[in-house]
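Coordinate analysis (summary)
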Amino acid sequence: MNRDLLKAVQVAWGLPEFRDGLRHLIDLDEVSVLLGTLAVPDHDGAVDRSLVDLLRSSLETVEIREAVLLLLERDEVRRPLVAAAVEPLADRPGLAAAIASAAEDPRVRREVRAALDSANVRELIWQAMENQLSDHRFGMIRRAAALFVRHPSVRRLAWAARRHGVLRELRRGPLIDQGPSAGKGL
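Throughout what follows, the structure given in this document is the object of discussion. Bear in mind that the values here come from a model prediction, so they are computed numbers and not experimental data.

Tallying each qualifying case throughout the model produces 12 salt bridges. Among the salt bridges present, the one from glutamate 66 reaches arginine 113, with a minimum N-O distance of 2.7 Å. Taken together, the positions of glutamate 66 in helix α5 (residues 62-71) and arginine 113 in helix α8 (residues 106-116) put the pair 47 residues apart, joining distant regions of the chain. Overall, arginine 113 belongs to the partly exposed group, its relative accessible area being 22%. Among the charged side chains, a salt-bridge network with shared partners connects Asp75, Arg78, Arg79 and Glu104.

Before going further, it helps to spend a moment on the nonpolar core. Judged by nonpolar contacts, Val82, Val86, Leu89, Leu95, Ala96, Ala98, Ala102, Ala103, Val108, Ala160, Ala161 and Val166 together constitute the single largest core of 12 residues. Within the residue set of this core, elements represented by two or more residues are α6 (75-86), α7 (93-103) and α11 (152-162). With 5 residues, the single largest contributor to this core is α7. Leave out the neighbours within four places in its chain, and alanine 98 touches His164, Gly165, Val166 and Glu169.

Here the focus is the side chain of arginine 143. By the secondary structure assignment, arginine 143 is in helix α10 (residues 137-150). No salt bridge forms around the buried arginine 143; measuring N to O, its nearest opposite-charge neighbour glutamate 123 is 7.2 Å away. Excluding its chain neighbours within four sequence positions, the residues that come into contact with arginine 143 are Leu124, Gln127, Ala128 and Asn131.

The next thing to look at is the packing of α8 against α11. It is at 9 Å that the axes of α8 and α11 come closest, and there the two elements cross at 160°. As judged from the angle between their axes, α8 and α11 are roughly antiparallel. For the pair α8 and α11, the crossing hand works out as left-handed. Across from Val108, Glu111, Val112, Ala114 and Ala115 in α8, the residues of α11 making contact are Ser153, Val154, Arg156, Leu157, Ala160 and Ala161. Broken down by class, the residue content of the contact of α8 with α11 amounts to 8 nonpolar, 1 polar and 2 charged.

This paragraph deals with the side chain of arginine 65. Along the chain, arginine 65 turns up in helix α5. Discounting chain neighbours no more than four positions away, the residues touching arginine 65 are Ser58, Leu59, Glu60, Leu116, Asp117 and Arg122.

The next thing to look at is the packing of α6 against α7. In a packed pair of helices, the relevant descriptors are the angle between the two axes and the axis-to-axis distance. Running from N to C, α6 and α7 cross one another at 155°; their axes reach a closest spacing of 10 Å. Classed by the angle they form, the pair α6 and α7 counts as roughly antiparallel. The element α6 and its partner α7 pack so that their crossing is right-handed. Across the interface between the two elements, Arg78, Val82 and Val86 from α6 touch Ala96, Ile99, Ala100 and Ala103 from α7. Looking at the contact of α6 with α7 residue by residue, the classes come out as 6 nonpolar, no polar and 1 charged.

Conventions used here
- Residues numbered from 1 in each chain as written.
- Predicted model: local features only at pLDDT ≥ 70, side-chain atom pairs only at ≥ 80, totals over all residues.
- Heavy atoms only, no water.
- Salt bridge = Lys/Arg side-chain N within 4 Å of Asp/Glu carboxyl O.
- Helix = DSSP H or I, 4+ residues; strand = E, 2+ residues; numbered from the N terminus.
- Buried < 20%, exposed > 50% of the residue type's maximum accessible area, 1.4 Å probe, protein only.
- Core = buried A, V, L, I, M, F, W, Y, C linked by side-chain atoms within 4.5 Å.
- Contact = heavy atoms within 4.5 Å.
- Lys, Arg positive; Asp, Glu negative; His and termini not counted.
- Axes fitted to C-alpha atoms, helices over the stretch in contact; angles between N-to-C directions.
- Parallel < 35°, antiparallel > 145°, perpendicular 65-115°, else oblique.
- Left-handed = near helix turned anticlockwise from the far one by under 90°.
- Nonpolar A, V, L, I, M, F, W, Y, C, P; charged D, E, K, R; others polar.

Shown next, in the form of structure tokens:
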């Protein structure tokens, strides 16, 4: 598991108000076992699916969703989560910087909240994630397009992210290392 993600989860887990708020809603032992399994470098796809199922059921509960969104307002939780999210983007430093910038913008976080408040938006997000886990690229793209077309909150979120260059960087694509002769004529 990514060290920054683990750090953010540990910070959140260490907050008594977060644990106490969740204790009556989810089985904390189940979460602890799942986090331990995720810490093993060679976990399988079934573990990833279990995590998605846990996230899905958790975010459908208003109290848990609110607790998670409130945590994202805390710098000590949000920043390691963002670092974990952008780590795989080493070949796209512009996109990583744009995402980090957007995550620090309270307006973007407000639009994330508005989008996640919609049950239809959450369902399409989960369907897209399931398509990605199943390597069903067309289904994932179709769900993402439906999110944008059908839900004004997602369009507002895209506009807010655009101000930070996220959409521009998504179109740009990964950098290709061309070695020491890059940029030299033949």
